[in-house]
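# Working through the structure, step by step
Here's the letter readout for the chains.
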Amino acid sequence: MSADDQLRLFIERIERLEEEKRGVADDIRDTYSEAKSQGYDPKIMRQIVRLRKMEAHDRQEMELILETYKAALGLG
């Protein structure tokens, strides 16, 4: 296989993956929209998804710092 053929195959593979990524992004957007129609807040749901991706100790540290900042600003 020539270098040109190999490059073309990589590019075509990336293009297919990009198309799949767009499809998944559309599915995620549709799911948030469906949840919103059921009364859920998509903005809060996105925050929860972000928090669930974090390691427990990182999440605890972030929450502690957030509480400290809120208290310092009189928001607690």
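### Side note on helix H3 (residues 56-72)
Between its terminal C-alpha atoms H3 stretches 24 Å, which fits the 24 Å expected from 17 residues at 1.5 Å a residue. Where H3 ends, the next residue or the one after it, Gly74, has phi of about 70 degrees, a positive value.

### Notes on the packing of helix H1 (residues 3-37) against helix H2 (residues 42-53)
At a closest axis distance of 9 Å, the pairing of H1 and H2 adopts a crossing angle of 125 degrees. Here H1 lies oblique to H2, going by the angle between them. Classified by chirality, the crossing of H2 by H1 is right-handed. Facing H1, whose interface residues are Tyr32, Ala35 and Lys36, H2 presents Pro42, Met45, Arg46 and Val49.

### What about the environment of Ile28?
Checked against the element boundaries, Ile28 lands in helix H1. By relative accessible area, Ile28 is classed as partly exposed at 44%. Here the alpha-carbon distance between Ile28 and Leu66, two residues 38 residues apart in the chain, equals 28 Å.

### Examining the pattern of salt bridges
Using the criterion set out here, one finds 6 salt bridges in the structure. Of the charged contacts, one joins Asp5 and Arg8 as a salt bridge, the two residues approaching to 3.8 Å between their closest N and O atoms. Of this pair, Asp5 and Arg8 both sit in helix H1, 3 residues apart, which is roughly one turn of the helix. In this structure, Arg8 engages Glu12 in a salt bridge whose closest nitrogen and oxygen atoms are separated by 3.4 Å. Of this pair, Arg8 and Glu12 both sit in helix H1, 4 residues apart, which is roughly one turn of the helix. On the accessibility criterion, Arg8 (41% relative accessible area) is partly exposed. Salt bridges sharing common partners tie together Asp5, Arg8 and Glu12.

So, how was this worked out
Residues numbered from 1 in each chain as written. Predicted model: local features only at pLDDT ≥ 70, side-chain atom pairs only at ≥ 80, totals over all residues. Heavy atoms only, no water. Helix = DSSP H or I, 4+ residues; strand = E, 2+ residues; numbered from the N terminus. Expected span 1.5 Å × (residues − 1). Axes fitted to C-alpha atoms, helices over the stretch in contact; angles between N-to-C directions. Parallel < 35°, antiparallel > 145°, perpendicular 65-115°, else oblique. Left-handed = near helix turned anticlockwise from the far one by under 90°. Contact = heavy atoms within 4.5 Å. Buried < 20%, exposed > 50% of the residue type's maximum accessible area, 1.4 Å probe, protein only. Salt bridge = Lys/Arg side-chain N within 4 Å of Asp/Glu carboxyl O.

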